[in-house]
Amino acid sequence: MPITQLPAVVINQIAAGEVVERPASVVKEVLENAIDAGASRVEILIEGGGVDLIEVIDDGCGMSEDELPLAIASHATSKVSALEDLEHVATMGFRGEALASIGSVARLEIRSRTAERDSGGLIVVDHGVAEPPQPAACPPGTRVRVSGLFERVPARRKFLKSAQAETNRIRRVTRDIAAANPEVAIVLASNGRTLLDLPASDPRSRLEAVLGTELAEHMLEVSVQRDGIGLWGLIGRPELARPTAQHQIVCLNGRPIVDRSLRYAVREAFRGLMEPSRHPTAALFLSVPPDRVDVNVHPAKSEVRFRDDRLVFSIVKRGVEEALRGADIVPRFETSGMVPPVAPRERPLFGHSDTRSAGFDAAAARGVMASSPPQRTAEVGTIQTARPVLQIHRMFLVTEDAEGMLIIDQHALHERVMFERMLERIGEATLPSQRLLIPEMVEASPEAIEAMGSLGEMLGRLGFDVSPAGPATVAVHAVPSLLTERHVGIVAFMSDLLERAAELRDMTDQETALRDVLDMMACKAAIKAGEQLSERELADLLSMRETVERSSNCPHGRPTTLRLSIEELERRFARR
Ligand code: ADP
Ligand code: MG
């Protein structure tokens, strides 16, 4: 095929592939433009999941009739004029591509008027073909109408989901931008039904409106200022973690972004507090001086590159850790909805009541919210060891604290306590080690033996002394004292460790590998379910709970403790 210069329409259609993937991308671009135009109120109306119609009305600075052809031209923008400007972009847009792209894959109509002029203009682009602008009567501001999206791009249309699914995406995009721009009032309606109606407000109230007040009230505030970087936001307690990251909003300088490393930072901060496959609920807002971040790495501007990415990572991780540390994160018993609550007056005297199954229960959830008062007394979260403790079924400990009754999994708590103690200790010195009179011989694969060699330093810190003793045998000369004290079988433990040696060696982060081994040690050494504890041991375990960080969950993230509040007990016994 001969080489030819592509016509402008085709160029824009190709560019549109990157910028306009689906209706939600149109909403995102047009809403961003409205915010860039200084709008104080933006109304978004959609029909048919945004495929039939997207209309965005703003009261921003507007454009004059003669500017309209430029607005829809590609690489035409009022926001940057030279490469250096990219160093300090403070606007959401700057690529000058969005309107041109949208106009090439839909029918686009823009009506706009500046405050200074008496009349405005209208321009229409129909699938890349623009008509000359014409005068039009309209209020100051801009009204953008996009209809028949992808009508002539069947390849794109095929990938669209149901109208409901596309509407949901539009709602999410709008929600995220709204969260980051609280001073702008934003309304979203779909087929005449209002989905979001957010008045202008301060950041905290906007977040409450976006997330729901009940939820936001029970989230923890994150707030950090360090080295010119600011972080503010709310994070959900571990029990609010969800199976997907949809409930996580991360914004940079007013722009929602998708950043895997920051998502990872948040999860790292929750390490050990929730199961690793879940995602914390969080809304985090970063402010970074524009010259310390490159926003021009993604066509839809949803990914960014930080100049000091390690610093940003650590600010987010530490900020979230700090917020969690200060909080009482013992999950409430009611959240599991294990026992269906029965309203006192409706309860039948005989026969079975309306016992709904163990699933999520809205009434129970409301109960959770109502019974966890945000203002807590200083006493909360601590157990006085003088309180009575009961061991039941040689598995669980039952005691009380200021808020109610605590049920503790003895194994999980002991595991967590030992894990944290060892972790703290290893930060300062190697762990105490016990020499074996006669080395234990453990069988292992040649790969495992080799991997063990490269883990030597870490194993030394932990108190192990291991050396190869043949092609398929290692000799164990010393082990951490904890293992011998707690009568852990050395051969079995070492076999498990050797089996994991290659995997541990291949971990990029040595700290993670170390934690994994500590985790194995804590798990094996911990009191088991079925062990009878003496009173002294019970008291010890409970007092350790107070001194150890994150004692609410075991190192695997399972809870160690459940709390049944006094309010809840009263409710269940129909006292309230
Ligand atoms: P970019 O936002 O990257 O500059 P766009 O294609 O989204 O590119 O918009 C092109 C230009 O049109 C903008 O730079 C701006 O000057 C103008 N414009 C777009 N939408 C609006 C609006 N709602 N109000 C005022 N001006 C607008
Ligand atoms: Mg734009």
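Residues numbered from 1 in each chain as written. Chains lettered and ligands numbered in written order. Predicted model: local features only at pLDDT ≥ 70, side-chain atom pairs only at ≥ 80, totals over all residues. Heavy atoms only, no water.

Peer 1: Give me the lowdown on the environment of Met418, citing residues and values where you can.
Peer 2: Summarising the element assignment, Met418 is placed in helix α12 (residues 410–426). You can call Met418 buried: its relative accessible area is 8%. A C-alpha to C-alpha distance of 14 Å links Met418 and Thr484, two positions 66 residues apart in sequence. With residues near it in sequence (within four places) discarded, Met418 still touches Leu482, Ala522, Ala525 and Ala526. (Helix = DSSP H or I, 4+ residues; strand = E, 2+ residues; numbered from the N terminus. Buried < 20%, exposed > 50% of the residue type's maximum accessible area, 1.4 Å probe, protein only. Contact = heavy atoms within 4.5 Å.)

Peer 1: Lay out the nonpolar core with the relevant residues and their values.
Peer 2: Residues Val26, Val42, Ile44, Leu108, Ile110 and Val146 are the most contacted members of the largest nonpolar core, which totals 45 residues. The element that contributes the greatest number of residues to this core is helix α2 (residues 23–36), accounting for seven residues. Excluding anything up to four places from it in sequence, Val26 contacts Val20, Ile54, Ile102, Val146 and Leu149. Met422, Leu431, Ala448 and Leu482 belong to the second-largest nonpolar core, a separate cluster that totals 41 residues. (Core = buried A, V, L, I, M, F, W, Y, C linked by side-chain atoms within 4.5 Å.)

Peer 1: An account of the site of ligand 1 is needed here, citing residue identities and associated values.
Peer 2: In the vicinity of ligand 1 there are 18 residues, among which Asn33, Thr77, Ser78, Lys79 and Gly96 approach most closely. Note that an oxygen atom of ligand 1 is positioned 2.5 Å from one of the side-chain N or O atoms of Thr77. Taken together, the residues of the shell around ligand 1 break down into eight nonpolar, six polar and four charged. (Near = heavy atom within 4 Å. Polar contact = N/O pair within 3.5 Å; in protein donor to acceptor, adjacent residues only side chain to side chain. Nonpolar A, V, L, I, M, F, W, Y, C, P; charged D, E, K, R; others polar.)

Peer 1: Could you give an account of the sheet that holds strand β18 (residues 396–400), with specific residues and numbers?
Peer 2: Spatially, four strands are ordered β17-β18-β19-β23 in an open sheet, and the strand pairing comes out antiparallel. In this open sheet, the two edge strands, each paired with only one partner strand, are β17 (390–392) and β23 (561–565). Ignoring which end each strand starts from, the neighbouring axes of this sheet average 25° apart. Of the strand pairs in this sheet, β18 and strand β19 (residues 404–409) are connected by five bridges, and their pairing is antiparallel. (Pairing = 2+ DSSP bridges. Axes fitted to C-alpha atoms, helices over the stretch in contact; angles between N-to-C directions.)

Peer 1: Give me the lowdown on the environment of Ala241, citing residues and values where you can.
Peer 2: Along the chain, Ala241 turns up in the loop between β11 (229–235) and β12 (248–252). Judged by its relative accessible area of 2%, Ala241 is buried. Put simply, Ala241 and Ser205 are 36 residues apart on the chain and 22 Å apart in space, counted from C-alpha to C-alpha. Residue contacts for Ala241: discarding those within four places in its chain leaves Met274, Arg278, His279, Pro280 and Thr281.

Peer 1: So what's going on with the pairing of strand β22 (residues 473–480)? Which residues, and what values?
Peer 2: Within a regular strand, side chains alternate between the sheet's two faces. Within β22, six of the eight residues are buried, which leaves the element mostly enclosed by the surrounding structure. In terms of strand pairing, strand β20 (residues 433–443) meets β22 through seven bridges, oriented antiparallel. Counterpart to Arg435 in the pairing with β22 is Ala478. As paired strands, strand β21 (residues 465–468) and β22 are joined by four bridges and run antiparallel to one another. In the strand pairing of β22, Val466 is matched with Val476. Count of turn residues in the β21/β22 antiparallel hairpin: four residues, of which Gly470 carries a positive phi of about 150°.

Peer 1: Got a sec to walk through the confidence of the model for the chain? Specific residues and values, please.
Peer 2: For the chain, per-residue confidence averages 84 on the pLDDT scale, and 90% of positions sit at 70 or higher. Under a pLDDT of 50 for its full length, residues 334–385 has, in the predicted model, 67 contacts with residues more than four places off or in other chains. (pLDDT = per-residue confidence, 0-100.)

Peer 1: How would you explain the pattern of salt bridges if you had to name every residue and give the values?
Peer 2: Taken as a whole and judged by the stated rule, the model has 33 salt bridges. The salt bridge partner of Arg95 is Glu97, with a shortest N-O separation of 3.3 Å. A relative accessible area of 13% places Glu97 in the buried class. With its nearest N and O atoms 3.3 Å apart, the salt bridge here joins Arg204 to Glu208. On the criterion of helical spacing, the pair formed by Arg204 and Glu208 is a turn pair, its members being four residues apart in helix α7 (residues 203–211). What makes Arg204 partly exposed here is its relative accessible area of 26%. Because the salt bridges share partners, they merge into one network encompassing Glu268, Arg271, Arg500, Glu503 and Asp516. (Salt bridge = Lys/Arg side-chain N within 4 Å of Asp/Glu carboxyl O.)

Peer 1: Which residues make up the packing of helix α9 (residues 260–269) against helix α10 (residues 309–325), and what values go with them?
Peer 2: Interhelical geometry of α9 versus α10 gives an angle of 30° and a closest axis separation of 8 Å. Judged on the interaxial angle alone, α10 and α9 are roughly parallel. For the element pair α9 and α10, the recorded crossing hand is right-handed. Every residue of α10 that contacts α9 at Ser261, Leu262, Tyr264, Ala265, Val266, Glu268 and Ala269 is listed here: Val312, Phe313, Val316, Lys317, Val320, Glu321 and Leu324. Counted by class, the contact of α9 with α10 contains 10 nonpolar, one polar and three charged residues. (Parallel < 35°, antiparallel > 145°, perpendicular 65-115°, else oblique. Left-handed = near helix turned anticlockwise from the far one by under 90°.)

Peer 1: Can you explain unusual backbone geometry? Please cite residues and give values.
Peer 2: Even without glycine at this site, His393 takes up a positive phi of about 50°. Looking at where His393 falls in the secondary structure, it is placed in the loop between β17 and β18. Taking the relative accessible area as the measure of exposure, His393 reaches 71% and is therefore exposed. Non-glycine residue Arg394 carries a positive phi angle of around 50°.

Peer 1: I'd love a proper account of the state of the cysteines, names of residues and values included.
Peer 2: Scanning the model with the defined rule gives zero disulfides in all. This cysteine, Cys138, is not joined by any disulfide, and Cys61 carries the nearest cysteine sulfur, 13 Å off. (Disulfide = S-S within 2.5 Å.)

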